[in-house]
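Topology and contacts: notes
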Amino acid sequence: MEKKQAKAPAAIPFGEEAFTPQEGTSIRWLGGAGALVNSRGTILLIDPVLKGFDMPLLVEAPVRVENVPKVDAVLLTHSDNDHFSRETCRDLGPVCREYHAPRYVAGLLKEMNLPGTGHDIGGSFAVGNVSVTLTPADHAWQNDFPGTADRIFQPEDFCGFWLDTPDGSIWAVGDSRLMEEHLHMPTPDLMLFDFSDSEWHIGLENAVLLANTYPDTPLLLWHWGCVDAPDMDPFNGDPEELKARIQNPERALILAPGQPLTLHKLSQRGGCK
């Protein structure tokens, strides 16, 4: 049976206006598994792949590297090239103050003469008004395929990021199979939700379990619908299948890359919008 290619909505381009100081915290999906977080003027980019990816795209990035005026920090979850774009990180260098990642990825940044700071899983640091903590992830797929890498990957080489902002918490789960630890987190105000059909990602069944563990948390779905690869499970997954099986299905957000989302604490009426 021919596989169906999942496709995200067309990107909504943005420019310098997304990087200016603002009253609250906004999030923009960058396509793939990247995000821009603007927390009252503190600018974070999570796994930005704005150029240099080696596969055909269905949806282009909503902002060009040369149009990024400033970045307080780039956060990188792991070394796969759909998350760690060396070209993007290099070209952001003149406007980016610092880069944060697991220790292995930080070493790769330092080889590029970029200011990479490495952290342990569970470690925390601050960027402006945002506190960031590395959360565990299980994504060492290379170890199952000899010859795909020149090293044995360790659990500490992969992470997610928990962000505490003045306007609420954001959990970027990262690429990962579901872990027991994922089911015992504080309730986040927003999840950047690893969604695809791959066994090395959360997958549909475990995505339902994870979503229903935090039944009121909005889910910004990413890692789907942007790469033209119908035969590659990591880039596919039907959001409607997820929505049909989770509590409060309206919280599974199918946004266009570049579309702004305002963060609110769950205790505030209305949630994200």
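This write-up is about the structure you can find in this document. Sequence positions are assigned chain by chain, starting from 1 and proceeding in written order. Under the rules for a predicted model, residues below a pLDDT of 70 receive no local features and side-chain atom pairs below 80 are neither given nor counted, while totals for whole chains, interfaces and linings still include all residues. As a rule here, side-chain values cover all heavy atoms of the structure and leave hydrogens and water aside.

**A closer look at the overall build of the protein chain**
- Of regular secondary structure, the protein chain possesses four helices and 14 strands.
- Based on C-alpha atoms, the radius of gyration is set beside the globule rule, defined as 2.2 Å times the residue count to the power 0.38. Relative to a compact globule of 273 residues, whose C-alpha radius of gyration would be 19 Å, the protein chain shows 17 Å and is just as compact.
- For the protein chain, the C-alpha atoms occupy an extent of roughly 50 × 45 × 35 Å along the three principal directions.
- With a 1.4 Å probe rolled over the protein chains alone, any residue whose accessible area is under 20% of its type maximum counts as buried; one over 50% counts as exposed, and the rest are partly exposed. Within the protein chain, the fraction of its 273 residues that count as buried is 55%.
- The method behind every accessible area is Shrake-Rupley, applied with a 1.4 Å probe, and residues are considered shielded solely by the protein chains displayed. In the form shown here, the protein chain has an accessible surface area of approximately 11,700 Å², with 50% of it arising from carbon and sulfur atoms.
- Taken together, the 21 basic and 39 acidic charged side chains of the protein chain have centroids lying 6 Å from each other. Secondary structure follows DSSP: runs of H or I at least 4 residues long count as helices, runs of E at least 2 residues long count as strands, and numbering of each begins at the N terminus. In this charge count, Lys and Arg are treated as positive and Asp and Glu as negative; neither His nor the chain ends contribute. Charge coordinates come from a single atom per side chain, which is NZ of Lys, CZ of Arg, CG of Asp or CD of Glu.

**Points about the sheet that holds strand E2 (residues 34-39)**
- At least two DSSP bridges between two strands are required for those strands to pair. Strand order in the open sheet formed by seven strands is E6-E5-E4-E3-E2-E1-E14, and the pairing between neighbours is mixed. Of all the strands in the sheet, just strand E6 (116-119) and strand E14 (260-262) have a single pairing partner and so form its edges. Averaged over all pairs of adjacent strands, the angle between strand axes in this sheet comes to 25°, irrespective of strand direction.
- Where strand E3 (residues 42-46) and strand E4 (residues 73-75) come together, three bridges link them in parallel fashion. Among the inter-strand pairings, Leu-45 is bridged to a residue of E4, identified as Val-74. A fitted line through C-alpha atoms serves as each axis, taken over the contacting stretch for helices, and the angle formed by two N-to-C directions is quoted from 0 to 180°.

**Quick notes on the packing of aromatic side chains**
- Here the aromatic set is Phe, Tyr and Trp, taking the six-membered ring for Trp, and pairing holds for ring centres within 6.5 Å; pairs whose planes are under 30 degrees apart are stacked, those over 60 apart are edge-to-face, and all others are tilted. Using the criterion set out here, one finds seven aromatic pairs in the structure.
- Here the aromatic rings of Trp-171 and Tyr-214 are separated by 6.2 Å at their centres, their planes lie at 85°, and the arrangement is edge-to-face. Taken together, the residues span a long stretch of sequence, with Trp-171 in strand E10 (residues 168-172) and Tyr-214 in the loop between helix H3 (203-213) and strand E12 (219-222) at a distance of 43 residues.
- Taking the relative accessible area as the measure of exposure, Tyr-214 reaches 3% and is therefore buried.
- An aromatic cluster is built from Tyr-104, Phe-153 and Phe-158, whose rings are joined through pairwise contacts.
- Definition used: whenever NZ (Lys) or CZ (Arg) falls within 6 Å of the ring centre and also within 35 degrees of the ring normal, the charge is taken to sit over that ring. Across from the ring centre of Phe-14, 5.1 Å away, lies the NZ or CZ of Arg-28, which sits over that ring.
- Sitting over the ring of Tyr-104, Arg-151 keeps its end group 3.8 Å from the ring centre.

**What about the state of the cysteines?**
- Counting rule for disulfides: a pair of cysteine sulfur atoms within 2.5 Å. As enumerated under the stated definition, the model contains zero disulfides in all.
- Here Cys-96 stays free of any disulfide, with the sulfur of Cys-89 as its closest cysteine sulfur at 7.8 Å.
- Its relative accessible area of 8% is what places Cys-96 among the buried residues.
- Here Cys-226 is not cross-linked by a disulfide; its sulfur's nearest cysteine counterpart is in Cys-89, at 18 Å.
- When its relative accessible area of 4% is taken as the criterion, Cys-226 is described as buried.

**Regarding the sheet that holds E12**
- Spatial strand order, E7-E8-E9-E10-E11-E12-E13: seven strands in an open sheet with mixed pairing. At either margin of the open sheet sits one strand with a lone partner, and together these are strand E7 (124-127) and strand E13 (252-253).
- Pairing of E10 with strand E11 (residues 190-194) involves three bridges; the strand directions are parallel. Residue pairing across strands places Ala-172 opposite Leu-192, the latter belonging to E11.
- In this analysis, two residues are considered to be in contact whenever any of their non-hydrogen atoms come within 4.5 Å of each other. This element, H3, spans E10, E11 and E12 of the sheet and lies at about 175° to E11.

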